[in-house]
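# Chain and residue survey
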Amino acid sequence: MPQQTTEIRTAFIADLDARTLHDLLKLRIDVFVVEQNCPYPELDGRDVEEGTRHLWLTDGGTPLAYLRILADPDDVARIGRVVVAPGARGGGHAGRLMTAALEVVGDRTCVLEAQSHLVAFYSRYGFTVSGPDYVEDGIPHTPMRRKVIDV
């Protein structure tokens, strides 16, 4: 079995060097704006908020997958911008990132806006549909929520 050379990294915006920030934003834009043909304000201002955590999977410095965790009101975590580079899809990278993100989130309530075709993927991580589907920028989305229940 080949040794896994990828690693998960996490940082606040102030801890990212310029090259890493560039590469992460380029991955997001390449997929969400160019590949999905969806011109929208990818740089929404939330990346620089004090509580935002950036998680990414890298292989030799090249980002393969990325997501961010936002700090919403009432101690709710919001996972978003989940993306895998086209050449790295099918390798379980999004799942590894989701597992790492949920470790960061801990027992807080967590929400996300899933592209609707990915509802089953997020369901594997304890998310359930929390509202009606809607279309944003021409892409169907489904709101989802994960609430940790104390036993």
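Here goes a summary of the coordinates provided. (Residues numbered from 1 in each chain as written. Predicted model: local features only at pLDDT ≥ 70, side-chain atom pairs only at ≥ 80, totals over all residues. Heavy atoms only, no water.)

## Observations regarding the overall build of the protein chain
Helix and strand content of the protein chain: three helices and eight strands. Overall, the protein chain shows an N-to-C arrangement of helices and strands of β-α-β-β-β-α-β-α-β-β-β. Taking 151 residues into account, the globule formula puts the C-alpha radius of gyration at 15 Å, and the protein chain, at 15 Å, falls close to it. When the backbone C-alpha atoms are referred to their principal axes, the protein chain occupies close to 40 × 40 × 35 Å. Relative to its 151 residues, the protein chain shows a buried fraction of 44%. A sequence separation of at least 24 residues applies to 59% of the contacts in the protein chain between residues at least 6 apart. Carbon and sulfur atoms make up 54% of the accessible area of the protein chain, which totals about 8,500 Å². In the protein chain, which carries 16 positive and 22 negative side-chain charges, the distance between the mean positions of the two groups comes to 3 Å. (Helix = DSSP H or I, 4+ residues; strand = E, 2+ residues; numbered from the N terminus. Rg over C-alpha atoms; globule rule 2.2 N^0.38 Å. Buried < 20%, exposed > 50% of the residue type's maximum accessible area, 1.4 Å probe, protein only. Contact = heavy atoms within 4.5 Å. Areas by Shrake-Rupley, 256 points an atom, 1.4 Å probe, with all protein chains shown as cover. Lys, Arg positive; Asp, Glu negative; His and termini not counted. Charge placed at Lys NZ, Arg CZ, Asp CG, Glu CD.)

## Let's talk about the packing of aromatic side chains
All told, the structure shown has three aromatic pairs when counted by the stated rule. Relative to Tyr-122, the ring of Phe-121 lies with its centre 5.0 Å away and its plane at 75°, an arrangement referred to as edge-to-face. Among the residues examined, Phe-121 registers a relative accessible area of 15% and is labelled buried. Consider the rings of Tyr-122 and Phe-127, whose centres lie 6.4 Å apart with planes at 80°: the pair is edge-to-face. (Phe/Tyr/Trp six-rings, centres within 6.5 Å; stacked < 30°, edge-to-face > 60°.)

## Description of the nonpolar core
Soluble, globular proteins show a tendency: their nonpolar side chains are buried together. The biggest cluster of nonpolar side chains holds 39 residues, and the ones touching the most others in it are Leu-67, Ile-69, Ile-79, Met-98, Leu-112, Tyr-122 and Phe-127. Of all the elements in the fold, those that place two or more residues in this core are helix H1 (18-35), strand E2 (53-59), strand E3 (62-72), strand E4 (76-84), helix H2 (93-105), strand E5 (110-115), helix H3 (119-123) and strand E8 (139-146). With seven residues, H2 is the largest single contributor of residues to this core. Dropping the residues within four chain positions of it, Leu-67 is found in contact with Arg-53, His-54, Leu-55, Ile-79, Gly-80, Arg-81, Val-82, Leu-97, Met-98 and Ala-101. (Core = buried A, V, L, I, M, F, W, Y, C linked by side-chain atoms within 4.5 Å.)

## Some details on the layout of surface pockets
Of the voids in this model, the largest pocket is the one considered here, and its volume is about 940 Å³. If you go around the largest pocket, you meet 39 residues; those closest to its centre are Phe-32, Arg-81, Val-82, Glu-113 and Gln-115. Counting residues per element, the ones that place at least two in the lining of the largest pocket are H1, E3, E4, H2, E5, H3, strand E7 (134-136) and E8. Looking at the lining of the largest pocket, the element that brings in the most residues is E4, giving seven residues. Looking at the lining of the largest pocket residue by residue, the classes come out as 19 nonpolar, ten polar and ten charged. (1 Å grid on protein atoms, 1.4 Å probe; cavity = no way out; pocket = protein on both sides within 12 Å on 5 of 7 lines; lining within 4 Å. Points joined across faces, edges and corners; volume = space filled by probe spheres on them. Nonpolar A, V, L, I, M, F, W, Y, C, P; charged D, E, K, R; others polar.)

## Examining the pattern of salt bridges
Counted according to the given criterion, the structure contains 14 salt bridges. Its salt-bridge partner being Arg-9, residue Glu-7 comes within 2.9 Å of it at the nearest N-O pair. For Glu-7, a relative accessible area of 39% gives the class partly exposed. For Arg-9, a relative accessible area of 36% puts it in the partly exposed group. Between Arg-78 and Asp-72 there is a salt bridge, and its shortest N-O distance comes to 2.6 Å. Overall, Arg-78 belongs to the partly exposed group, its relative accessible area being 22%. Classification of Asp-72 as buried rests on a relative accessible area of 13%. (Salt bridge = Lys/Arg side-chain N within 4 Å of Asp/Glu carboxyl O.)

## Let's talk about the environment of Arg-89
On the secondary structure map, Arg-89 appears in the loop between E4 and H2. The partly exposed category is assigned to Arg-89, whose relative accessible area is 40%. Each C-alpha atom of the pair Arg-89 and Arg-78 lies 23 Å from the other, and the pair is eleven residues apart in sequence. With residues up to four places along the chain from it excluded, the contact list for Arg-89 reads Val-31, Glu-35 and Val-84.

Everything listed is a geometric property; what it means functionally is a separate question.
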